[in-house]
Amino acid sequence: MTTVIGVENVSKKYIIGHQNQGRYLTLRDTLAEGVKSMGKHLLKLRDKTNESFEEFWALNDISFEVKQGEKVGIIGRNGAGKSTLLKVLSRITEPTSGRIKMNGRVASLLEVGTGFHPELTGRENIFLNGAILGMTKAEIKKKFDEIVEFAEVEKFLDTPVKRYSSGMYVRLAFSVAAHLEPEILIVDEVLAVGDAQFQKKCLGKMSEVGSEGRTVLFVSHNLTAIKTLCDRAVLLEHGRLIVDKAAAEVIGQYMGGEQQSIVTREWHDEKTAPHTTATVLNRVALTNSLGRAVDEIYIDNAFNIEIEYTIRQEGVSVGLTVIVYDQENNCVFSSINNLEKNWYGKPMPEGVYKSICQIPANFLNNGWFSLSINLFGKGFSDSVMTNEILRFEALDSPAVRGDYFGIFGGVIRPLLNWETNTLGTKEQ
């Protein structure tokens, strides 16, 4: 396939100024300093004695290629250089060093407002953007109805876009960028401004663009979207390219590199422990069937979530919700103790209690998970949510794989019963 994007040893440097903090001054000191500096201001002189500067490399020696028709995700933590890279590729800013080769017409959607003139109407901006992309008026008219229908802004088409909400702005901007047939479509996290239905619509359109042989570069913190849309992903860290592989593999490395198991959490001070007016969390742990804390969780072994807490007001009834998320922050499941027989809904004496939530074997898929807990005291209004109390990896087990060595999709992996019977054979 033809290479449409070539990034060769690209670096981008910014100069950051710092204002040194001096000593705290009294009002008299401040007035005196003001009198001393008045002459300098009148002479338009600038005192730079308290300023210092440093170099910041937003991108540092990055190289990669993108072939025609590829859909490439760019991921990394905030400040990794993702948006800077897209701005360099979109020619919004020039690299400090290195070279960019682009083979094709580029449409970019980097932030709300990019490429639109606020005083012009939606209709006028569609034609303006098309002209910038090098399209004729006839070509734009051919796509006009599709753009408007996708953006869902028919009623506001002749309204200046400065009066649009951020959601309307993004809908129209994305629709223009995707429908005017660029060879290369570059999209930043801006889609997060839209609602869930529109984001799904955009992902479908980007997938369609890629299937037509055009190229998509997509920056997002939504790793599920990256995995769904992109064939390949690039991981940036502190301005450097760390890995460039298949999307699922890069996401796994990105998340796995940040994960550390926490299978027990204890609080010894009520002041710092999660608490309501009536209850205090003491300990949360993952344990085996014998009640012993476990260091490793295997998908074919059952385990327990043990929650120990203190009731410090007579007669309250405690409620608990456990919520488990996967490594992409999707909610896998939640469970409430409202069917617990011993104490739920009954007045509980002051004291220490332990509630156990049992997780069956062959339920979770292999991968990383986090556990959050919502503790209710006197009622649903008296509660405290504590996020990511525990983090753990559910490890694969050869015993349940059989002869399959590929990837199991999904966040759960139940061991379901299969049965095959003969309905009739050739011999019969």
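In what follows, the structure referred to is the one given above.
The structure presented is a predicted model; accordingly, all values stated were derived computationally and were not measured. Each chain has its residues counted from 1, running along the sequence as written. Restriction of local features to residues with pLDDT of at least 70 applies here, the model being predicted, together with a cutoff of 80 or more for giving and counting side-chain atom pairs; totals for whole chains, interfaces and linings are based on all residues. As a rule here, side-chain values come from all non-hydrogen atoms in the structure, and water together with hydrogens is ignored.

### Remarks on the overall build of the protein chain
- Under the scheme used here, helices are H or I runs from DSSP no shorter than 4 residues and strands are E runs no shorter than 2 residues, and both carry numbers assigned from the N terminus. For the protein chain, the helix and strand inventory stands at eight helices and 18 strands.
- Relative accessibility under 20% of the residue-type maximum defines a buried residue, over 50% an exposed one, and the middle range a partly exposed one, all with a 1.4 Å probe and only protein chains included. Taking all 428 residues of the protein chain together, the buried fraction comes to 42%.
- By definition in these notes, contact holds between two residues if any of their heavy atoms fall within 4.5 Å. At a minimum sequence separation of 6, the contacts of the protein chain that also span at least 24 residues come to 72%.
- Note on areas: these come from Shrake-Rupley sampling with a 1.4 Å probe, and a residue is covered only by the protein chains present in the view. When the accessible surface of the protein chain is summed, it comes to about 24300 Å², and 51% of that surface belongs to carbon and sulfur atoms.

### Overview of the nonpolar core
- Judged by nonpolar contacts, the single largest core of 48 residues is most densely connected at Ile75, Ile126, Leu172, Phe174, Leu185, Met206 and Phe218.
- Here, nonpolar core refers to any group of buried Ala, Val, Leu, Ile, Met, Phe, Trp, Tyr and Cys residues whose side-chain atoms link them within 4.5 Å. Judged by nonpolar contacts, the second largest core, of 37 residues, contains Ile299, Tyr309, Leu320 and Ile359.

### Points about empty space enclosed by the protein
- Cavities and pockets are defined on a 1 Å grid built over the protein atoms alone: a cavity is a set of grid points where a 1.4 Å probe fits but cannot escape, while a pocket is an open set with protein on both sides within 12 Å along at least five of seven lines, and lining residues are those with an atom within 4 Å of any such point. Grid points are joined across faces, edges and corners, and a volume is the space filled by probe spheres set on the points. Counting across every chain of the model gives one cavity of 30 Å³ or more.
- Across the lining of the largest cavity, the residue classes tally to nine nonpolar, one polar and no charged. Under the grouping applied here, Gly and all other residues not named as nonpolar or charged are polar, the nonpolar ones being Ala, Val, Leu, Ile, Met, Phe, Trp, Tyr, Cys and Pro and the charged ones Asp, Glu, Lys and Arg.

### Some remarks on a nonpolar patch on the surface
- Together, Tyr14, Ile16 and Phe56 give the surface a local cluster of nonpolar side chains, amounting to about 230 Å² of exposed area.
- With respect to the helices and strands, the residue Phe56 is situated in strand β2 (residues 51-67). Patch membership requires more than 30% relative accessible area and the absence of a salt bridge. Residues of like charge join within 9 Å; the nonpolar side chains Val, Leu, Ile, Met, Phe, Trp and Tyr join within 5 Å. Whenever a carboxyl oxygen of Asp or Glu lies within 4 Å of a side-chain nitrogen of Lys or Arg, that contact is scored as a salt bridge.

### Things to note about the pairing of strand β15 (residues 331-336)
- When DSSP locates at least two bridges between a pair of strands, those strands are taken to pair. Taken together, the five bridges between strand β14 (residues 319-326) and β15 define a ladder with antiparallel strand orientation. Along β15, the bridge assignment pairs Val324 with Phe333.

### Considering unusual backbone geometry
- Residue Arg91 is not a glycine yet carries a positive backbone phi of 65°.
- With a relative accessible area of 45%, Arg91 lands in the partly exposed category.
- Phi is positive for His238, which is not a glycine, with a value near 50°.
- Turning to its location among the elements, His238 is positioned in the loop between β8 (232-237) and β9 (240-246).

### Regarding the pattern of salt bridges
- Summed over the entire model, instances satisfying the criterion amount to 18 salt bridges.
- Lys205 is the salt-bridge partner of Glu208, the closest N and O atoms lying 3.1 Å from each other. Of this pair, Glu208 and Lys205 both sit in helix α6 (residues 196-211), three residues apart, roughly one helical turn.
- Relative accessible area serves as the criterion here: at 35%, Glu208 is assigned to the partly exposed category.
- Since its relative accessible area comes to 9%, Lys205 is described here as buried.
- Among the ionic pairs, Asp396 bridges to Arg413, the shortest N-O distance being 3.0 Å. A residue pair is termed long-range when its members are at least 10 positions apart, and Asp396 in the segment after β18 (383-395) and Arg413 in the segment after β18 qualify at 17 residues.

### As for the side chain of Glu70
- Examined against the element boundaries, Glu70 turns out to sit in the loop between β2 and β3 (71-75).
- You can call Glu70 buried: its relative accessible area is 16%.
- Any N or O atom pair separated by 3.5 Å or less is treated as a polar contact, with the protein-specific requirement of one donor-capable and one acceptor-capable atom, and with residues adjacent in sequence counted only for side-chain atom pairs. Within polar-contact distance, the side chain of Glu70 engages the backbone nitrogen of Lys67 at 2.7 Å.
- Dropping the residues within four chain positions of it, Glu70 is found in contact with Glu65, Arg214, Thr215, Val216, Asp231 and Arg232.

### Here we look at a negative patch on the surface
- Side chains of Asp145, Glu146, Glu149 and Glu154 sit close together on the surface and give a patch of like negative charge.
- Looking at the element boundaries, Glu146 is found in helix α4 (residues 137-151). His is not counted, nor are the chain ends, whereas Lys and Arg count as positive and Asp and Glu as negative. Charge positions come from single atoms, namely NZ of Lys, CZ of Arg, CG of Asp or CD of Glu.

### With respect to the layout of surface pockets
- Quantified by volume, the largest pocket comes out at close to 630 Å³.
- Forming the walls of the largest pocket are 22 residues, and the residues nearest its centre are Lys227, Gln327, Asn366, Gly367 and Gly410.
- Those elements giving two or more residues to the lining of the largest pocket turn out to be α7 (223-229), α8 (247-258), β17 (367-376) and β18.
- Ranked by the residues each element gives to the lining of the largest pocket, the list is headed by β17, at three residues.
- Taken together, the residues that form the lining of the largest pocket break down as seven nonpolar, 10 polar and five charged.

Any functional reading would require information beyond the geometric quantities listed.
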